[in-house]
Amino acid sequence: MQHFLKETDLTVNQAAEVFSLAHALKQGRGKHTPPTLKGQTWAMIFSKSSTRTRVSFDVGIHELGGHPIFLNKNDIQLGRGESIYDTANVLSRFVHGLIIRTYDQSEIEEMSKLGSIPVINALTDYLHPCQIYTDAFSMAERWADGTNFMESLKGKKLAYFGDTANNMANSWILGAAMFGMELVLSGPEGYEPGEDIKATLAESGHAPTWSFTTDPEAAAKDADVLYTDTWVSMGQEEESAERIAAMKPYSVTSDLMKLGKSDALFMHDLPAYKGMEVQEDVLYGKQSIIFDEAENRLHTQKAIMSVLAEANKR
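This structure is a prediction, so every number in the text was calculated from the model and none was measured.

Participant: When you look at the overall build of the chain in this model, what are you seeing that I'm missing?
Facilitator: From N to C terminus, the chain includes 13 helices and nine strands. Relative to its length of 314 residues, the chain is compact, with a C-alpha radius of gyration of 19 Å against a globular reference of 20 Å. Its C-alpha atoms give the chain principal-axis dimensions of roughly 55 × 45 × 35 Å. When burial is assessed residue by residue, the chain has 54% of its 314 residues classed as buried. Considering only intrachain contacts with a sequence separation of at least 6, the fraction spanning at least 24 residues in the chain is 77%. Accessible surface computed for the chain: about 13,400 Å², of which carbon and sulfur atoms make up 48%. In the chain, which carries 29 positive and 43 negative side-chain charges, the distance between the mean positions of the two groups comes to 6 Å.

Participant: Even after reading the chapter, I still don't get the environment of Ser-83, so can you show me in this structure?
Facilitator: Position of Ser-83 among the secondary structure elements: in the loop between β2 (67–72) and α3 (84–94). The exposure class of Ser-83 is partly exposed, given its relative accessible area of 32%. In this structure the C-alpha to C-alpha distance between Ser-83 and Tyr-133, which are 50 residues apart in sequence, comes to 31 Å. Side-chain polar atoms of Ser-83 contact the backbone nitrogen of Asp-86, separated by 3.0 Å.

Participant: I'm lost on the UniProt feature "binding site: L-ornithine" (unreviewed entry) in the chain in this one. Help?
Facilitator: Residues annotated in UniProt with the feature "binding site: L-ornithine" (unreviewed entry) correspond here to Asn-167, Asp-229, Ser-233 and Met-234. With respect to the helices, strands and loops of the structure, Asn-167 is situated in helix α7 (residues 167–179). Judged by relative accessible area, Asn-167 falls into the buried class, the value being 8%. Non-local contacts of Asn-167, meaning those with residues more than four positions away in its chain, are made with Leu-123, Thr-124, Asp-125, Tyr-126, Leu-127, His-128 and Asp-229. For Asn-167, the side chain forms a polar contact with the main-chain oxygen of Thr-124, separated by 2.9 Å. Along the chain, the position of Asp-229 falls in the loop between β8 (225–228) and α10 (240–247).

Reading guide: rules and limits
Residues numbered from 1 in each chain as written. Predicted model: local features only at pLDDT ≥ 70, side-chain atom pairs only at ≥ 80, totals over all residues. Heavy atoms only, no water. Helix = DSSP H or I, 4+ residues; strand = E, 2+ residues; numbered from the N terminus. Rg over C-alpha atoms; globule rule 2.2 N^0.38 Å. Buried < 20%, exposed > 50% of the residue type's maximum accessible area, 1.4 Å probe, protein only. Contact = heavy atoms within 4.5 Å. Areas by Shrake-Rupley, 256 points an atom, 1.4 Å probe, with all protein chains shown as cover. Lys, Arg positive; Asp, Glu negative; His and termini not counted. Charge placed at Lys NZ, Arg CZ, Asp CG, Glu CD. Polar contact = N/O pair within 3.5 Å; in protein donor to acceptor, adjacent residues only side chain to side chain. UniProt positions renumbered as here; feature names shortened; annotations may be inferred.

The structure is reproduced here in structure tokens:
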């Protein structure tokens, strides 16, 4: 059974297939969408609140001909102490796939091992693979000619600012290595990538393509993409003051954007906090593609589900 718990769970060829299919699904939306999930029911278990993730998966399952069921963790017995073993086995008898948005990466890994249906990581504190594939597609649709999406990413420089030890930074470490991109992470000391993500990358077999610097200007120089994320993720509210003080020098401003290439893109996975990790004129400026990213969650996730459904037929 193939799952999508981290970026490298798909092969390079499958990733290329996801990008090509996402493009086709985007172009064909409202005209023709293959009923890949016809007759299937997919459950979405969300322990964390969401806007883009929930709506895009719900709509995506429906558009692929399937039926989505949304389950807050407290709506099922898992929230009252039922074991993951029991939950995984029961749900495997009812539904055809699971989409899980939760805190612990170990929870979705355990669910995937104990159940008999594909599991998709819709975000954990460790990784956010659906967002990374979406972001990569959002770049590639600008740089490719409609056919060579994966190739268009190779050699591109992405500069990432702020908390370089969070789930988005971790996911970019895996994604950049897989896509052949140069990744420069820039943040304060004490917020560097941890040993766990280095080990995960080593296990994947992909060579590291990332570096870390405390100098945001050096990171931004000649970048093709300037990327940032919120400084205070869900569950870190008690650290807000400390985090904001430490990361203030890493706010993406118009001056920082000028250090990138003249056609550099600004990207953010949203929600964004204006005046903190990004200035408003950058967030809504002509180089920003934040709403394209948001829209592309739908198309990319439909492609991921389709590729998994096909892989698991064999």
